[in-house]
Amino acid sequence: MDHRRVATVTGWLWIASFVTSIPARFIFYAPVLDEPNYVTGAGADAWALVATGAVLELFLIISNVGTAVVPFPILKRQNEAGALGYVTARVIECVFIAIGIVSMLAILTVRQDAPSGTDAALGQGLEAVYEWAFRIGPGFIVGVGNGLILGYLMYTSGLVPRRMAMLGLIGGPLVCLAGILVIYDIIEAGGPLQAVMTIPEALWELSLGIYLVVKGFRPSPILEAPPRVIPDPSVGVSG
């Protein structure tokens, strides 16, 4: 196994997850998210923008799954249950992202095809589905998978500097706590407090991607190939 190539591909996938996720939500989906009556025809038509955001998030799903699947053969040497749990958490996160994509595309369809007199509440309901999918997927599950599980695997294996991995071990619980506080409506979703609580996790993911691309994995016992067992031809041969 080419460990350097695995690290480089994983790092680029992490970087791709940033490039595809941030513009989709804050730029391409903005015309719909900022206009409560968009589904009734209010505001400019944003089909191309929202469709571009949806495509970016499809690539986000691919990148997210790749960040877990590509290093899996290495991470399982450290802790197979943890490595499998990380892949599972990434897949669950992507399920919520996919729900958000469908919600946004549904808003476009309703605006284009719905009969006159369509209630704005229909579009607002679809937008609410998108928002809650975001709050539970990237807003909570990320803390479990990317933060706690991956942070633990990287910290115990020494594949990256342990101080860097500590960002995941600290940031993960903070993301989860922020997500729970949002669910209970104690803090504002996307507000200043939640933004501050997600900083360590964001730094962890971005620094991990850059580190893997630039330096690769650090030397670790789990990178050593297991010894090959060569069967003894004399065993089982009767005299």
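Before reading further, recall that the structure is shown in the block above.
The residue count restarts for each chain, going from 1 along the sequence in the order it is written. For a predicted model such as this one, the threshold for reporting local features is a pLDDT of at least 70, and the threshold for listing and counting side-chain atom pairs is 80 or more; totals across whole chains, interfaces and linings nevertheless cover every residue. Hydrogens are left out, water is left out, and the side-chain values use all remaining heavy atoms of the structure.

A. Broad picture of the nonpolar core. The criterion is simple. A nonpolar core is a set of buried Ala, Val, Leu, Ile, Met, Phe, Trp, Tyr and Cys residues joined through side-chain atoms within 4.5 Å. Under the scheme applied here, a residue whose accessible area is under 20% of the maximum for its type counts as buried, over 50% as exposed, and between as partly exposed, the area being computed with a 1.4 Å probe on protein chains only. Core analysis: the largest hydrophobic core is formed by 23 residues, its most contacted members being M154, V160 and F217. Runs of H or I in DSSP of at least four residues are treated as helices and runs of E of at least two as strands, each being numbered from the N terminus. Breaking this core down by element, the ones donating at least two residues are α1 (3-28), α4 (72-78), α5 (80-113), α6 (120-157), α7 (162-183) and α9 (199-214). With four residues, α9 is the largest single contributor of residues to this core. Should any heavy atoms of two residues lie within 4.5 Å, those residues are considered in contact. Excluding residues within four positions of it along the chain, M154 makes contact with L75, L159, V160, A165, W204, L208 and F217.

B. Geometry of α7. In a helix, the anticipated span is given by 1.5 Å times the number of residues less one. The terminal C-alpha atoms of α7 lie 32 Å apart, and with 22 residues this matches the ideal 32 Å at 1.5 Å per residue to within 8%. If you check which residues of α7 are buried, you get M164, A165, G168, G171, G172, V175, C176, A178, G179, L181 and V182. Those residues of α7 that are buried lie in contact with α6, α8 (192-197) and α9.

C. Broad picture of the packing of aromatic side chains. Note on aromatic contacts: the rings of Phe and Tyr and the six-membered ring of Trp form a pair at centre separations within 6.5 Å, being stacked when their planes are under 30 degrees apart, edge-to-face when over 60 apart, and tilted otherwise. A full pass over the atoms with the stated rule returns one aromatic pair. Between Y29 and Y130 the ring centres are 5.5 Å apart and the planes differ by 90°, which places this aromatic pair in the edge-to-face class. Within this pair, whereas Y29 is found in the loop between α1 and α2 (30-33), its partner Y130 is found in helix α6, the two being separated by 101 residues in sequence. The cationic tip of R111 hangs over the ring face of Y38; the distance from NZ or CZ to the ring centre is 4.2 Å. For the cation-ring pair, R135 lies above W132, with the distance from its terminal atom to the ring centre recorded as 4.5 Å. Distance and angle both matter: a charge sits over a ring if NZ of Lys or CZ of Arg is within 6 Å of the ring centre and within 35 degrees of the ring normal.

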